[in-house]
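# A closer look at the structure
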Amino acid sequence: MDKYQQDFIKNLKYYRRIRGLSQSELAEKCDVATGTIGNIECGLAKPSFDLMLLIAQVLKITPADFFASADSASEPASNERILTEYKLLREFYEKLKVHFEG
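These notes cover the structure that comes with them. (Residues numbered from 1 in each chain as written. Predicted model: local features only at pLDDT ≥ 70, side-chain atom pairs only at ≥ 80, totals over all residues. Heavy atoms only, no water.)

## Concerning the side chain of Arg 16
Relative to the helices and strands, Arg 16 is located in helix α1 (residues 3-18). A distance of 2.6 Å separates the side chain of Arg 16 from the side chain of Glu 41, its partner in a polar contact. In this structure, Arg 16 is in contact with Leu 21, Ser 22, Gln 23, Leu 26, Ile 37, Glu 41 and Leu 59, ignoring residues within four places of it in sequence. (Helix = DSSP H or I, 4+ residues; strand = E, 2+ residues; numbered from the N terminus. Polar contact = N/O pair within 3.5 Å; in protein donor to acceptor, adjacent residues only side chain to side chain. Contact = heavy atoms within 4.5 Å.)

Take a look at the structure:
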């Protein structure tokens, strides 16, 4: 597996997780088979260009974000603190949303 594919996989997992999506939920939003995202994340399959664009759109990122180098200082794929903070903020937002809508 080459470096670009490794970066793509790490970043795909990262952005999917911070959006709070499981592999099957992302697959559903992209209208692909349930195992497709899992196969991509395991390196067993490579997305088509159109699917890569669609995944980026669903995750609200640019396609270039998938290829941010894991060697860079801002390595998003390994920053667990940001992931944890995002999850906490998302939970807080959902609680506020229920409170104000209900």
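Next comes the rest of the account.
## Quick notes on helix α4 (residues 49-59)
Among the residues of α4, those classed as buried are Leu 51, Met 52, Ile 55, Ala 56 and Leu 59. Down the axis of α4, the smallest arc covering the buried residues is 140°, so these residues share one side. For α4, exposure combined with an orientation more than 90 degrees from the buried face picks out Phe 49, Asp 50 and Gln 57. As for α4, its buried residues are in contact with α1, α2 (23-29) and α3 (34-41). Of the residues trailing α4, Lys 60 is marked for its positive phi of about 60°. (Buried < 20%, exposed > 50% of the residue type's maximum accessible area, 1.4 Å probe, protein only. Arc of directions from axis to C-beta.)

## Regarding the environment of Asp 7
Along the polypeptide, Asp 7 turns up in helix α1. For Asp 7, a relative accessible area of 5% translates into the label buried. Separated by 61 residues in the primary sequence, Asp 7 and Ala 68 have C-alpha atoms spaced 6.7 Å apart.

## Focus on unusual backbone geometry
Even without being glycine, Asp 31 reaches a positive phi, approximately 55°. With respect to the secondary-structure elements, Asp 31 resides in the loop between α2 and α3. Since its relative accessible area comes to 72%, Asp 31 is described here as exposed. A positive phi angle, close to 60°, is found at Lys 60, a residue other than glycine. In this structure, Lys 60 sits in the loop between α4 and α5 (80-101).

## Some thoughts on the packing of aromatic side chains
The description of two aromatic rings rests on the distance between their centres and on the angle between their planes. One pass over the structure, following the stated rule, counts three aromatic pairs. For the ring pair Tyr 14 and Tyr 15, a centre distance of 5.0 Å and an interplane angle of 75° mean the geometry is edge-to-face. The two residues Tyr 14 and Tyr 15 agree in class, both being buried. Through successive ring pairs, a cluster of aromatic residues spans Phe 8, Phe 66 and Phe 67. (Phe/Tyr/Trp six-rings, centres within 6.5 Å; stacked < 30°, edge-to-face > 60°.)

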